[in-house]
Amino acid sequence: MPPIAQEGNCLIYRGSNFLKQRLILACLSGKPVKINQIRSEDETAPGLREYEISLIRLLDKITNGTKIELNPAGTSVMFSPGLLHGGQIHHDCCVQRGIGYYLDALIALGPFCKNPLQCTLRGVTNSKDSPSVDHMKGAALSLLKRFLLVDEGLELKVVRRGAAPLGGGEIIFRCPVRKSLRAIQFQSQGMVKRIRGTVYACKVSPALANRTVEAAKGCMLKFLPDVYIYTDQNKGKMSGNSPGFGICLIAETTDGVCFAADCCSNTREESDTPTIPEDLGKEVALRLLDEIYRGGCVDSSYQWLAALYIALGQKHVSKFLTGALSNYTVHFLQHLRDFFSITFKLENPEVEDEDEAEDVRGAQKVLMACVGIGYTNINKRVT
């Protein structure tokens, strides 16, 4: 949805959708953004939710000079971004959303900070409404490494797990800074060569984790022999504040592309019937197969991140092959046009050679192409 108005440099939007996209792009572009009518028609709980306010506080911590104005009802917010400062940060995330919701913003902004990011986030490490930390470690960090070239100082470490709804987990995220991102041409996804996974169990019987492993492995071994799933069983303080278990599978291709899928058990609030480990294992295996069928050179959850990095890259042509674009990515491309006046050429690649046709199996692919805007990290110290 395009901005409804523009006052000088300030973009004005309406509604709560894609709030995170708008705030991330405001921080990168330096343009203030005003968002009106945030759930103004919701009679029970109008305005910003607690997890959205927590995200704004996190962005305030990693920037210097940010101004935030909220109206008393919380239905309108004015966000004037400061300089991306980075450094060492501790943040308690709202448990209404997983840590992945907040980590998305840090991965997008991290390379452009003045000082290398070192963030300690506490909250829910695995939830249904945002990618788990294992998912991000496999899919998002592998994508970021392609643009950073040297990945020294890039790390995502799970200190302790925390299942929904009460959380209690903790992660440490470190990200180096760069003057600029390189232009990239990445059009070959390769063939899946191995599958790795992690099953976690917090405050539940270890047998549930083992049953989940067997079910997921049983599905994946029909396709390739190199399948290994680790179990991460936690007790006491290391297991967070809520019982739960879940699984994350990552498929790695010959060209270093990672596809990921994750699944976690129901909480008592979501369902009275307990989650069956065998069903969970099969569901995550089918989700991963669906992700592999969609294909491309990036996991579907992080198509938007690939689009951001190639848009901000050096002033050369970048090309990136993805699977069918998700709804979230389509809106992100529209927001990129609003904030940076950059448009992409999107086309379905035609396969002429039969040898190439074997490599491009699965769903119809999309080739994203654009000339980078040559974004330079003005916050980085000159050494």
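Cut-offs used in this document
- Residues numbered from 1 in each chain as written.
- Predicted model: local features only at pLDDT ≥ 70, side-chain atom pairs only at ≥ 80, totals over all residues.
- Heavy atoms only, no water.
- Bend = angle between axes of the 7 residues up to and from the residue.
- Helix = DSSP H or I, 4+ residues; strand = E, 2+ residues; numbered from the N terminus.
- Buried < 20%, exposed > 50% of the residue type's maximum accessible area, 1.4 Å probe, protein only.
- UniProt positions renumbered as here; feature names shortened; annotations may be inferred.
- Contact = heavy atoms within 4.5 Å.
- Domains from an automatic or database assignment.
- Axes fitted to C-alpha atoms, helices over the stretch in contact; angles between N-to-C directions.
- Parallel < 35°, antiparallel > 145°, perpendicular 65-115°, else oblique.
- Left-handed = near helix turned anticlockwise from the far one by under 90°.
- Nonpolar A, V, L, I, M, F, W, Y, C, P; charged D, E, K, R; others polar.
- 1 Å grid on protein atoms, 1.4 Å probe; cavity = no way out; pocket = protein on both sides within 12 Å on 5 of 7 lines; lining within 4 Å.
- Points joined across faces, edges and corners; volume = space filled by probe spheres on them.
- Phe/Tyr/Trp six-rings, centres within 6.5 Å; stacked < 30°, edge-to-face > 60°.
- Lys NZ or Arg CZ within 6 Å of the ring centre and 35° of its normal.
- Core = buried A, V, L, I, M, F, W, Y, C linked by side-chain atoms within 4.5 Å.
- Pairing = 2+ DSSP bridges.

Colleague: Is there a simple way to think about helix H4 (residues 133-148) in this case?
Modeller: Side chains that are three or four residues apart share a direction in an α-helix, a result of its 3.6 residues per turn. In H4, a bend of some 30° at Leu-141 exceeds every other bend along the element. With 13 of 16 residues buried, H4 is to be regarded as a mostly interior element. Backbone geometry just downstream of H4 places Leu-149 in the positive-phi region, at approximately 70°.

Colleague: I'm lost on the UniProt feature "domain: RNA 3'-terminal phosphate cyclase" (unreviewed entry) in the protein chain in this one. Help?
Modeller: When the UniProt feature table is mapped onto this chain, "domain: RNA 3'-terminal phosphate cyclase" (unreviewed entry) is found at residues 13-345. Regarding residues 13-345, the helix share stands at 32% and the strand share at 28%, and the terminal C-alpha atoms are separated by 25 Å.

Colleague: What is the right way to look at the environment of Leu-154 in this model?
Modeller: Here Leu-154 lies in the loop between H4 and strand E10 (155-160). A C-alpha to C-alpha distance of 6.1 Å links Leu-154 and Pro-176, two positions 22 residues apart in sequence. Setting aside anything within four residues of it in sequence, one finds Leu-154 in contact with Leu-141, Leu-144, Lys-145, Leu-148, Phe-173, Arg-174, Cys-175 and Pro-176.

Colleague: Explanation requested: the domain arrangement of the protein chain in the structure shown.
Modeller: A common way to report how large an interface is uses the accessible area buried once the components associate. With domains assigned, the protein chain is organised as domain 1 (1-81) and domain 2 (192-294). A C-alpha centroid distance of 35 Å is found between domain 1 and domain 2.

Colleague: Looking at this structure, how should I read the packing of helix H2 (residues 50-62) against helix H3 (residues 99-109)?
Modeller: The relative placement of two packed helices is expressed as an angle between their axes plus a distance between the axes. Interhelical geometry of H2 versus H3 gives an angle of 30° and a closest axis separation of 10 Å. Taken together, the axis directions place H2 and H3 in an arrangement best described as roughly parallel. Judged by the sense of rotation from one axis to the other, the crossing of H2 with H3 is right-handed. From H2, Tyr-51, Glu-52, Ser-54, Leu-55, Leu-58, Leu-59 and Ile-62 reach across to H3, where they touch Tyr-101, Tyr-102, Ala-105, Leu-106 and Leu-109. Of the residues in the contact of H2 with H3, the class split is 10 nonpolar, 1 polar and 1 charged.

Colleague: Whenever I open this one, the layout of surface pockets confuses me. Can you help?
Modeller: Taken as a whole, the largest pocket holds about 1000 Å³ of empty space. Taken together, 45 residues line the largest pocket, and the ones lying closest to its centre are Lys-128, Asp-129, Ser-130, Pro-131 and Ser-301. Elements that contribute at least two residues to the lining of the largest pocket include exactly helix H1 (19-29), H2, H3, H4, strand E15 (244-253), strand E16 (258-264), helix H6 (277-294) and helix H8 (327-340). With 7 residues, the single largest contributor to the lining of the largest pocket is H6. Residue classes in the lining of the largest pocket are distributed as 16 nonpolar, 14 polar and 15 charged. Both domains that furnish three or more residues to the lining of the largest pocket are identified here as domain 1 (1-81) and domain 2 (192-294). Empty space within the second largest pocket amounts to approximately 430 Å³.

Colleague: Sorry, what's going on with the packing of aromatic side chains here?
Modeller: What describes a pair of aromatic rings is the distance from one ring centre to the other and the angle between the planes of the rings. A complete count under the given rule lists 12 aromatic pairs for this structure. Plain terms: the ring middles of Phe-147 and Tyr-309 are 5.1 Å apart, the flat faces sit at 55° to each other, and that makes the pair tilted. Residue Phe-147 is located in helix H4, and its partner Tyr-309 is located in helix H7 (residues 303-311); the two are separated by 162 residues in the primary sequence. Owing to a relative accessible area of 2%, Phe-147 belongs among the buried residues under this scheme. In this structure an aromatic cluster arises from ring pairing among Phe-18, Tyr-302, Trp-304, Tyr-328 and Phe-332. In this structure, Arg-97 packs its charged tip against the face of Tyr-51, placed 4.2 Å from the ring centre.

Colleague: Sorry if this is basic, but what is going on with the nonpolar core here?
Modeller: What tends to happen in soluble globular proteins is that the nonpolar side chains get buried as a cluster. Counting 110 residues, the largest nonpolar core has Leu-28, Leu-103, Ile-107, Phe-173, Leu-305, Phe-320 and Leu-336 as its most contacted members. Looking at which domains feed residues into this core, each of domain 1 (1-81) and domain 2 (192-294) supplies at least three. Apart from residues lying up to four places away in sequence, Phe-320 is in contact with Leu-143, Phe-147, Ile-184, Phe-186, Cys-297, Val-298, Ala-306, Ile-310, Val-366, Leu-367 and Met-368.

Colleague: Which parts of the structure should I look at to understand the sheet that holds strand E6 (residues 77-80)?
Modeller: Strand order in the open sheet formed by 5 strands is E1-E2-E3-E6-E5, with mixed pairing between adjacent strands. Only two strands of the sheet have a single partner each, and these edge strands are strand E1 (5-7) and strand E5 (67-70). Taken over all neighbouring pairs, the strand axes of this sheet differ in orientation by 15° on average, direction set aside. Examined bridge by bridge, strand E3 (residues 33-36) and E6 share 3 bridges and lie antiparallel to one another. Looking at the pairing, Ile-35 lines up with Val-77 of E6. Where H8 meets the sheet, it contacts strand E2 (10-14) and E3, and its direction lies at approximately 150° from that of E2.

Colleague: What exactly am I supposed to notice about empty space enclosed by the protein here?
Modeller: Over the atoms a probe the size of a water molecule is rolled, and this reveals where empty space is left. Considering all chains together, one arrives at 2 cavities of 30 Å³ or more under this definition. Put simply, the largest cavity is a space of about 50 Å³. Lining the largest cavity, in full, are Ala-139, Ser-142, Leu-143, Arg-146, Phe-186, Gly-256, Val-257, Cys-258, Cys-297, Val-298 and Asp-299. Grouping the constituent residues of the lining of the largest cavity by class yields 7 nonpolar, 2 polar and 2 charged.

Colleague: Would you explain the packing of H3 against H7 in this entry?
Modeller: At a minimum axis distance of 11 Å, the contact between H3 and H7 shows a crossing angle of 20°. Comparing the axis directions of H3 and H7 gives the class roughly parallel. The two elements H3 and H7 cross, and the hand of that crossing is right-handed. From H3, Asp-104, Ile-107 and Ala-108 reach across to H7, where they touch Trp-304, Leu-305, Leu-308 and Tyr-309.

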